[in-house]
Amino acid sequence: MKRTIFAVIALCAVLANAAPMISELPEDACDSLKCTKVMKSILSGFNYTPHTVSQEPGVYSGGCFHLGGIGPDHEHYAELLIDQLEDGTTYFSTNFAYFYPENPYANWDLTKARQEASDFAKQNARIKEGSNASRVEIYNSEGVPNVVYYMRQNPETKMIYYITYGGFGPQSTKIFCTMNKNP
């Protein structure tokens, strides 16, 4: 009986300290409607574009808005690279630029994006395909998710709706982006 009680207490302790479960789709992305109109529009685009991202190498860039940390009406920019390593493994790399007057990534091609892709991304940022969305999960050294990137792509326009969760819980940051395929 004492062993059973100890096992139950140990299991409860493990579960209490377990990493949060990562859902296939973003949950409560607007933190109970604290989003701006632009964020709601991006989330609506995400919700009504039920397609995973193309695994073909490509560079995308566009405007983003933060929910938490930076003024929610301030547009900043992001670049997104989807590429393959020599062994055929597909990886994801991203860069963010804050306080620029215009998109500094708009003219990046595959060569430039590959030069700027981090070794960390090449080794750790794998695209997971869900039934109708893609995501990338980045974990800290304790195995807890630090950042999750959710993506859906319009197959006709190639636009990617890109929602990032930086952390989980009340101190989390969410970023809403629309990314167009670079030339």
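Residues numbered from 1 in each chain as written. Predicted model: local features only at pLDDT ≥ 70, side-chain atom pairs only at ≥ 80, totals over all residues. Heavy atoms only, no water.

Structural notes on the sheet that holds strand β6 (residues 145–153)
Applicable threshold: Strand pairing requires that DSSP identify at least two bridges connecting the strands. Strands here mean DSSP runs of E at least two residues long; helices mean DSSP runs of H or I at least four residues long; both are numbered from the N terminus. Comment: axis = line fitted to C-alpha atoms, over the contacting stretch for helices; angle = value between 0 and 180 degrees taken between N-to-C directions.
Taken in spatial order, the eight strands line up as β3-β2-β1-β8-β7-β6-β5-β4 in an open sheet, and their pairing is antiparallel. Among the strands making up the open sheet, the edge pair consists of β3 (90–97) and β4 (127–129). For this sheet, the mean inter-axis angle between neighbouring strands, taken without regard to orientation, is 25°. Examined bridge by bridge, strand β7 (residues 160–166) and strand β8 (residues 173–181) share seven bridges and lie antiparallel to one another. Bridge assignment links Y162 to a residue of β8, and that residue is C177.

Looking at the packing of aromatic side chains
For any pair of aromatic rings, the description rests on two quantities: the centre-to-centre distance and the angle between the ring planes. Applied cut-off: A pair of Phe, Tyr and Trp rings is counted when the ring centres sit within 6.5 Å of each other, with Trp represented by its six-membered ring. The angle between the planes then sorts it: under 30 degrees is stacked, over 60 is edge-to-face, the rest tilted. To sort residues, take the accessible area from a 1.4 Å probe on protein chains only and compare it with the maximum for the residue type: under 20% means buried, over 50% means exposed, and anything in between is partly exposed. In this analysis the charged atom, NZ for Lys or CZ for Arg, is taken to sit over a ring once it is within 6 Å of the ring centre and within 35 degrees of the ring normal.
The tally for this structure, following the rule as stated, stands at eight aromatic pairs. Geometrically, the ring pair formed by F92 and Y149 is tilted, given 4.8 Å between the ring centres and 45° between the ring planes. Remark: Y149 occurs in strand β6 and F92 occurs in strand β3; sequence separation between them is 57 residues. Here Y150 and Y165 contribute two aromatic rings whose centre-to-centre distance is 5.5 Å and whose plane-to-plane angle is 70°, an arrangement assigned as edge-to-face. One end of the pair, Y150, is in strand β6; the other, Y165, is in strand β7, and 15 residues separate them in sequence. With respect to burial, Y150 and Y165 carry one shared label: buried. Aromatic rings pair up to connect F92, F96, Y98, F99, Y149 and Y162 into one cluster. A cation over a ring is seen here: K174 above Y165, with NZ or CZ 4.9 Å from the ring centre. The lysine or arginine in question, K181, covers the ring of Y60, its NZ or CZ lying 5.8 Å from the ring centre.

Here we look at the pairing of strand β2 (residues 76–84)
Along β2, eight of the nine residues are buried, which leaves the element largely enclosed by surrounding structure. As defined by bridge partners, strand β1 (residues 58–67) adjoins β2 across seven bridges and the pair is classed as antiparallel. Paired with Y60 across the strands is L80, a residue of β2.

A closer look at the environment of Y77
Our working definition: In what follows, a contact means two residues having at least one pair of non-hydrogen atoms within 4.5 Å.
Mapped onto the elements of the fold, Y77 is located in strand β2. Given a relative accessible area of 10%, Y77 falls into the buried group. As for Y77 and Y98, which are separated by 21 residues in sequence, their C-alpha atoms are 6.5 Å apart. Excluding residues that lie within four positions of it along the chain, Y77 makes contacts with G62, G63, C64, N95, F96, A97, Y100, P101, E102, N103, P104 and Y105.

A closer look at the state of the cysteines
To be explicit about the condition: Only a pair of cysteine sulfur atoms within 2.5 Å qualifies as a disulfide here.
Summed over all chains, the structure comprises two disulfides. Linked covalently through their sulfurs, C64 and C177 form a disulfide whose S-S length is 2.0 Å. When the S-S torsion is 110°, as for the bridge of C64 with C177, the disulfide is right-handed. Remark: C177 occurs in strand β8 and C64 occurs in strand β1; sequence separation between them is 113 residues. Under the relative-accessibility criterion, C64 is labelled buried at 0%. The connectivity of the disulfide-linked cysteines in the chain, indexed sequentially, is 1-2, 3-4.

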